[in-house]
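Close look at the chain arrangement
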Amino acid sequence: MRILIYSDIHANLPALEAMAAATAGGYDVSVCLGDVVGYGAQPNQTSAWVRAATPTVIRGNHDRACAALHGLQWFNPTAAAAARWTHHVLEEPARQWLDELPAGPLPWEGMSLVHGSPLDEDEYLVEPAQAAGAFAATEIRLQWFGHTHIQGGFEYSEEEVSEFRHGEPGVRQSGSFTLRLQAGARYLLNPGSVGQPRDGDWRAAYAILHQEDDAVTFHRVPYDLAAAQASILQAGLPAALAQRLAKGQ
Ligand code: ZN
């Protein structure tokens, strides 16, 4: 089975549509690791797409905040302003769907799905030391996480944690790269962010797990950046949210 794994769409419809076009016919089932909304200007549209296309979705901190205005005290002023705007424009079916999304970690297909980390759905797994704690929490071989908006992840093998990121030396900077899963190793993998990448590459990120080959391909696809920026400005959302998209920050 080929499984499309994606996360952190953040109401960026052009980015989501680019991923949809690039992956059409290329997977059997999809899962989403949360943050369908927040920051971007088309939360009803991205919610409708994810809801229709993806049977398994876990909530992100922005989904929780935008649906019910919970946890805003942890948000910076820009993120909080975007959450309030999103809450205001969300239509009731979308708001209710977001509000009822399950929290991770969610067991699925022998793997585990989390938004932040297996220990705390809001924790950012950025450093190998943080990943070590997450590896210690479970014996599951393959865990998927989002939240950092950084495509790549961590491998645990012979009691050592190693990290790899999109764009780093040894990892291809353009198009896609493939990770072959090793016997005896365990993994925490992040497909990257569809709608607001923060690893220095503005293009939409996602991953496909090829179960028969025991391999993961990480992908980047360009999208209509100008359209996403224009809709953010037109909505009256903070201009910084449009500017950061171009930098991949
Ligand atoms: Zn996010």
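Summarised in this report is the structure supplied together with it. It should be emphasised that the depicted structure is a prediction, and the values quoted were computed from it without experimental measurement.

What counts as what
- Residues numbered from 1 in each chain as written.
- Predicted model: local features only at pLDDT ≥ 70, side-chain atom pairs only at ≥ 80, totals over all residues.
- Heavy atoms only, no water.
- Salt bridge = Lys/Arg side-chain N within 4 Å of Asp/Glu carboxyl O.
- Helix = DSSP H or I, 4+ residues; strand = E, 2+ residues; numbered from the N terminus.
- Buried < 20%, exposed > 50% of the residue type's maximum accessible area, 1.4 Å probe, protein only.
- Pairing = 2+ DSSP bridges.
- Contact = heavy atoms within 4.5 Å.
- Axes fitted to C-alpha atoms, helices over the stretch in contact; angles between N-to-C directions.
- Parallel < 35°, antiparallel > 145°, perpendicular 65-115°, else oblique.
- Left-handed = near helix turned anticlockwise from the far one by under 90°.
- Donors = N, O, S within 2.8 Å, 3.2 Å for Na, K, Ca; no water.
- Tetrahedral: all angles 85-135°; square planar, octahedral: opposite > 155°, others 65-115°.

**Quick look at the pattern of salt bridges**
Under the criterion given, the structure shown has 10 salt bridges. With a shortest N-O distance of 3.2 Å, R2 and D28 are connected by a salt bridge. Pair noted here: R2 is in strand β1 (residues 2-6) and D28 is in the loop between α1 (13-23) and β2 (29-32), with a separation of 26 residues, a long-range link. Accessibility expressed as a relative area gives 46% for D28, which makes it partly exposed. In the salt-bridge network here, residues are joined through shared partners; they are R59, R64, E121 and D122.

**Some points on the sheet that holds strand β11 (residues 204-210)**
Here six strands make up an open sheet; going across it, the order is β3-β2-β1-β11-β12-β9 and the pairing mixed. Every other strand in the sheet has two partners, leaving β3 (56-57) and β9 (177-180) as the edge strands with one partner each. Of the pairings in the sheet, the one linking β9 to strand β12 (residues 215-221) comprises four bridges and is antiparallel in character. Within β12, the residue paired with F177 across the bridge is F218.

**Things to note about the environment of W202**
Looking at the secondary structure, you find W202 in the loop between β10 (186-190) and β11. For the pair W202 and T56, spaced 146 residues apart in sequence, the C-alpha separation works out to 26 Å. With residues up to four places along the chain from it excluded, the contact list for W202 reads P197, P222, Y223, L225, L245, A246 and G248.

**A few points about the packing of helix α3 (residues 61-68) against helix α4 (residues 77-89)**
Between α3 and α4, the least distance of the axes is 7 Å, while the angle of their chain directions is 55°. Looking at the two axes, α3 sits oblique to α4. The chirality of how α3 crosses α4 is right-handed. Where α3 approaches α4, its residues H62, A65, C66, A67 and A68 are matched on the opposing element by A79, A83, T86 and H87.

**Considering the coordination of the zinc ion**
Ideal geometry at a metal gives 109.5 degrees between four tetrahedral donors and either 90 or 180 degrees between six octahedral ones. Donor atoms from the polypeptide that coordinate the zinc ion comprise D8 (OD), H10 (NE2), D35 (OD) and H149 (NE2), at 2.0 to 2.3 Å from the metal. The coordination sphere of the zinc ion comprises four donor atoms, whose angles at the metal cover 85 to 176°; the geometry is irregular. The class of D35 is buried, set by a relative accessible area of 1%.

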